[in-house]
Amino acid sequence: MQIPAKAHYATIAMLVLAEKYQLAELVSARAIAVEHNVPNQFLVQILQQLRSANLIISTRGANGGFKLQRPPELITLAEIVDAVCGTQCNPLPPAEASSLNRVMLSVWSEQAEQQREQLKQLTLRDLLDRATSDEAAAMFYI
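Residues numbered from 1 in each chain as written. Predicted model: local features only at pLDDT ≥ 70, side-chain atom pairs only at ≥ 80, totals over all residues. Heavy atoms only, no water.

(A) The confidence of the model for the protein chain, seen in detail. A residue-level look at the protein chain finds 85% of positions with pLDDT of 70 or above and a mean pLDDT of 87. Ranking the helices and strands of the protein chain by mean pLDDT puts strand β2 (residues 65–68) first, with 96, and helix α6 (residues 124–138) last, with 82. (pLDDT = per-residue confidence, 0-100. Helix = DSSP H or I, 4+ residues; strand = E, 2+ residues; numbered from the N terminus.)

(B) Fine view of the environment of A78. Looking at the secondary structure, you find A78 in helix α4 (residues 77–85). C-alpha of A78 to C-alpha of L122: the two residues are 44 residues apart in sequence and 8.0 Å apart in space. Sequence-distant contacts of A78, defined by excluding residues within four places in its chain, comprise R116, L119 and K120. (Contact = heavy atoms within 4.5 Å.)

(C) Highlighting the packing of aromatic side chains. According to the stated counting rule, one finds one aromatic pair in the structure shown. A ring pair is formed by Y9 and F42, whose centres lie 5.8 Å apart and whose planes are at 85°; its orientation type is edge-to-face. Pair noted here: Y9 is in helix α1 (residues 5–19) and F42 is in helix α3 (residues 40–52), with a separation of 33 residues, a long-range link. (Phe/Tyr/Trp six-rings, centres within 6.5 Å; stacked < 30°, edge-to-face > 60°.)

(D) Spatial organisation of the environment of A5. With respect to the helices, strands and loops of the structure, A5 is situated in helix α1. Counting along the chain gives 33 residues from A5 to V38, while the straight-line C-alpha distance between them is 9.8 Å.

(E) Representation of the nonpolar core within the structure. The biggest cluster of nonpolar side chains holds 35 residues, and the ones touching the most others in it are M14, L50 and I80. Mapped onto this core, the elements with two or more residues apiece are α1, α2 (29–36), α3, β2, α4 and α6. No other element matches the nine residues that α1 contributes to this core. Sequence-distant contacts of I80, defined by excluding residues within four places in its chain, comprise A10, T11, M14, L50, L55, I75 and L124. (Core = buried A, V, L, I, M, F, W, Y, C linked by side-chain atoms within 4.5 Å. Buried < 20%, exposed > 50% of the residue type's maximum accessible area, 1.4 Å probe, protein only.)

(F) Expanded view of the pattern of salt bridges. Within the structure shown, the criterion is met by five salt bridges. For R125, the salt bridge is made with E73, and the minimal N-O distance between the two is 3.9 Å. On the criterion of sequence distance, the pair formed by R125 in helix α6 and E73 in the loop between β2 and α4 is long-range, its members being 52 residues apart. Since its relative accessible area comes to 26%, R125 is described here as partly exposed. Judged by its relative accessible area of 40%, E73 falls in the partly exposed class. Across the salt bridge formed by K120 and E117, the nearest N and O atoms sit 3.3 Å from each other. (Salt bridge = Lys/Arg side-chain N within 4 Å of Asp/Glu carboxyl O.)

(G) Main features of unusual backbone geometry. Located in the positive-phi region is N37, a residue other than glycine, with phi close to 55°. We note that N54 has phi near 60°; this positive angle belongs to a residue other than glycine. Looking at where N54 falls in the secondary structure, it is placed in the loop between α3 and β1 (56–59). Judged by its relative accessible area of 49%, N54 falls in the partly exposed class.

The structure is reproduced here in structure tokens:
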């Protein structure tokens, strides 16, 4: 299953904001774009969609930026994907008469539902914890 770039970039942006949540820091779109190699204009569109979905708050001005609307443990990956993709992330072709086509559409639909359930279970906090444990595992001492 391929994840759209839009969903990937949205999740990266949300993780950056989640890292700054406890400090109540605002993060600019430009800072996220530069640090994570995301096209700035594309990221701005994504952030607007996340704001419209009430996942983030934005502040304008020279010291403006973005921050999470809720704590990282209360935002799931499913919410992020829904905000930027809606139902477009798992498009299925229209059902046709052949039994082979129907059975495969059924399999793809089941797979998409399993993926959706997994995304509902994962929060930004879970992902930050994974990142922290990966960094600790990558460290070594001489």
